[in-house]
Amino acid sequence: MSETPFGPVEDPSTVAAMNTELARYNEAARAAAAVHGALFLDVWAPFAAARRLTPADGDDPACGATGYT
């Protein structure tokens, strides 16, 4: 299973660097799974899409303080 992307923090360039490193890890994991005939579940895009569709922190009282249900 792939790692999910990091979300907002104080320094956007830090998030970009961390996500670039995670993308490299995910590609290495995908390649290793393929070599060994294992299933690789890529959850990066679905996770990012779900987060984009989730109200921002505080926008929806049903989501609590984190913005996640």
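If you're wondering where the values come from, they're calculated on a predicted model, not measured in any experiment.

Calculation criteria
Chains are numbered independently. Their residues run from 1 in the order of the written sequence. Note on the predicted model: pLDDT of at least 70 is required for a residue's local features to be given, and 80 or more for side-chain atom pairs to be given and counted; whole-chain, interface and lining totals, by contrast, use all residues. Just so you know, side-chain values use all the structure's heavy atoms and leave hydrogens and water out. Here a strand is any run of E in DSSP of at least two residues, a helix any run of H or I of at least four, and the numbering for each starts at the N terminus. Each residue's exposure class comes from its accessible area (1.4 Å probe, protein chains only) as a fraction of the maximum for that residue type: buried when under 20%, exposed when over 50%, partly exposed otherwise. When checking whether two residues touch, look at their non-hydrogen atoms; a contact exists if any pair is within 4.5 Å. Accessible surface area values rest on a Shrake-Rupley calculation with a 1.4 Å probe, where residue burial reflects the displayed protein chains alone. Here a helix's expected span is defined as the number of its residues, less one, multiplied by 1.5 Å.

Undergrad: Quick question: what am I supposed to make of the overall build of the chain here?
TA: Helices and strands together make up the secondary structure of the chain, namely two helices and zero strands. Taken over 69 residues, the chain has a buried fraction of 17%. For the chain, restricting intrachain contacts to residue pairs at least 6 apart in sequence, the fraction spanning at least 24 positions comes to 33%. Accessible surface, the chain: about 5,100 Å² in total, of which carbon and sulfur atoms supply 63%.

Undergrad: Explain the environment of R51 here, please?
TA: Relative to the elements of secondary structure, R51 occurs in helix 2 (residues 44-53). Classification of R51 by relative accessible area gives partly exposed; the value is 22%. Along the chain, R51 and G7 lie 44 residues apart, while their C-alpha atoms are 8.7 Å from each other.

Undergrad: Quick question: what am I supposed to make of helix 1 (residues 12-35) here?
TA: Along an α-helix, residues three or four apart share an orientation, since each turn contains 3.6 residues. Here helix 1 spans 35 Å end to end across 24 residues, near enough to the 34 Å set by a 1.5 Å rise per residue. The complete set of buried residues in helix 1 reads V15, N19, L22, N26 and A33.

Undergrad: Which parts of the structure should I look at to understand the side chain of N26?
TA: As for its position among the elements, N26 is in helix 1. We classify N26 as buried; its relative accessible area is 4%. With sequence-adjacent residues up to four places away left out, N26 is seen in contact with S2, E3, F40 and W44.

Undergrad: In this structure, what is going on with the environment of W44? I would like to understand it.
TA: Inspection of the secondary structure assignment puts W44 in helix 2. Owing to a relative accessible area of 21%, W44 belongs among the partly exposed residues under this scheme. The spatial distance from the C-alpha of W44 to the C-alpha of A23 is 8.8 Å, given a sequence separation of 21 residues. Residue contacts for W44: discarding those within four places in its chain leaves S2, E3, T4, P5, N19, L22, A23 and N26.

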